[in-house]
Amino acid sequence: MKHLVYHQFGEPDVLTVEEAPVPEPGPEDVLVRVVAAGLNPIDWKTRRGLGFAARQIENRLPWTPGYDMAGEVVAVGQKVATLVPGDRVMGMVGFPTSGGACAQFLVVPSVDLAIVPEELELLPAAGLPLAGLTAWQALFDVGELEPGQKVLVHAGAGGVGHLAVQFALERGAHVIATASADNRDFLAGLGVHEVIDYHQEDFADECYGLDLVLDLVGGDTGKRSLHALSEHGVLVTIPTVTADEIVSEAERMGLKAHGMTVRPDVFQLEEILELIEDGDVRVHVDGVFPLSDAAAAHRLLEGGHVRGKLVLDLWGD
């Protein structure tokens, strides 16, 4: 089989496609023919040697990246009773130290996988797990978003953002998003109530009394967002590099802010999949790349401004 590997941290050209034997599933595992793998910002940051995941794998290189996958079960371990060959499955796998999703075949514990509904193609399914769970946990587990509350989502058209605005709308919140002018119609089409063009407008002037801010940008944007909160509001910031300074600033102001690291949760993923099955949420894929073009995909992702998700087609030319 083919899989993506890097032997050292660095620029996208450290990514290489190599051959490896197809792994064998253990008693509680399944072997999945991976159709597609999703890309996330943590992938390029880790490849560069940045962030908490890089610190945990730096002595374990070479490493096959990827935490999001979708594919078909081809074999099951002797103790697996919930899945059978032919099942279409998806999951957030190997987080944060094992990775491995950017491979044509992957052994995964059966408990880490969810069944892909018929309404969802495998390519967009691969883009859902990590971004979807990040949005879900930030809004509902940490942010405790309730119907009728006002929420601001920064980078609302991005991978996490475009799912977060849909989840918040489904929960009955009033949703505001920051984005570029190019994404105004996209977000309006998802149902977002207010779109703030961050090139032309200052969200700090437009927003006040917010119940929740989902900060997907970090840094100065996160700190300035604190001024838009109500006294009982909360800010959830996702970029780990600046989370501590934003939380400290919130404490200084007498406000609540939290950093967050996503965790795998199949039950939450199944809740998200029900929304997709019902037609209430959709995954937008901005680009599909063959495994041989993984470096180009990383460059695009690292440059920012991707609408929705990028995925790798593991069997494409």
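This text follows the structure it describes.
Notes on the structure in this doc start here. Just so it is clear, the structure is predicted and the values come from calculations on it, not from any experiment.

## What about the sheet that holds strand β10 (residues 194-197)?
The strand order across the open sheet built from six strands is β10-β9-β8-β11-β12-β13, with neighbouring strands paired in parallel fashion. Looking at strand neighbours, the two that pair on one side only are β10 and β13 (256-259), the edges of this open sheet. Put simply, the sheet's adjacent strands are angled 15° from each other on average, direction ignored. Of the pairings in the sheet, the one linking strand β11 (residues 210-215) to strand β12 (residues 229-237) comprises five bridges and is parallel in character. Each bridged residue has a counterpart across the sheet, and for V213 the counterpart in β12 is L235.

## What about the pattern of salt bridges?
Side chains that differ in sign of charge can pair as their charged atoms come close. By the definition in use, this model includes nine salt bridges. A salt bridge links K223 to E245; its shortest N-O distance comes to 3.2 Å. Remark: E245 occurs in helix α9 (residues 240-253) and K223 occurs in helix α8 (residues 219-225); sequence separation between them is 22 residues. We classify K223 as partly exposed; its relative accessible area is 28%. The closest approach of N and O atoms between E249 and R252, which form a salt bridge, is 2.7 Å. In this pair, E249 and R252 both sit in helix α9, three residues apart, roughly one turn of the helix. Relative accessible area serves as the criterion here: at 62%, R252 is assigned to the exposed category. Among the charged side chains, a salt-bridge network with shared partners connects E11, R47, R48 and E302.

## Structural notes on the nonpolar core
Judged by nonpolar contacts, the single largest core of 91 residues is most densely connected at L139, F167, L187 and L312. Here this core takes eight residues from helix α4 (residues 129-142), the largest share from any one element. Setting aside its immediate chain neighbours within four residues, L312 contacts L4, V35, A36, A37, L39, C102, F289, P290, L291, A294 and A297. Grouped together as the second largest cluster of nonpolar side chains are 16 residues, I176, L226, A228 and A250 included.

## What to know about a negative patch on the surface
Among the surface-exposed residues, E118, E119, E170, E270, E271, E274, E277, D278 and D280 lie close enough to one another that they form a single negatively charged patch. When residues of the negative patch are assigned to their parent elements, the largest contribution, four residues, is made by helix α10 (residues 266-277). Tracing the sequence through the fold places E271 in helix α10. Judged by its relative accessible area of 41%, E271 is partly exposed.

## Quick word on the layout of surface pockets
Estimates place the volume of the second largest pocket at around 150 Å³. Contributing to the lining of the second largest pocket are V142, G143, E144, Q149, D211, S230, H232, G233, V234, K256 and H258. For the lining of the second largest pocket, the secondary-structure elements that each account for two or more residues are β12 and β13. It is β12 that contributes the most residues to the lining of the second largest pocket, four residues altogether. Partitioned by chemical class, the residues of the lining of the second largest pocket number two nonpolar, six polar and three charged.

What counts, and at which threshold
- Residues numbered from 1 in each chain as written.
- Predicted model: local features only at pLDDT ≥ 70, side-chain atom pairs only at ≥ 80, totals over all residues.
- Heavy atoms only, no water.
- Pairing = 2+ DSSP bridges.
- Helix = DSSP H or I, 4+ residues; strand = E, 2+ residues; numbered from the N terminus.
- Axes fitted to C-alpha atoms, helices over the stretch in contact; angles between N-to-C directions.
- Salt bridge = Lys/Arg side-chain N within 4 Å of Asp/Glu carboxyl O.
- Buried < 20%, exposed > 50% of the residue type's maximum accessible area, 1.4 Å probe, protein only.
- Core = buried A, V, L, I, M, F, W, Y, C linked by side-chain atoms within 4.5 Å.
- Contact = heavy atoms within 4.5 Å.
- Patch = residues over 30% accessible without salt bridge, like charges linked within 9 Å, V, L, I, M, F, W, Y side chains within 5 Å.
- Areas by Shrake-Rupley, 256 points an atom, 1.4 Å probe, with all protein chains shown as cover.
- Lys, Arg positive; Asp, Glu negative; His and termini not counted.
- Charge placed at Lys NZ, Arg CZ, Asp CG, Glu CD.
- 1 Å grid on protein atoms, 1.4 Å probe; cavity = no way out; pocket = protein on both sides within 12 Å on 5 of 7 lines; lining within 4 Å.
- Points joined across faces, edges and corners; volume = space filled by probe spheres on them.
- Nonpolar A, V, L, I, M, F, W, Y, C, P; charged D, E, K, R; others polar.

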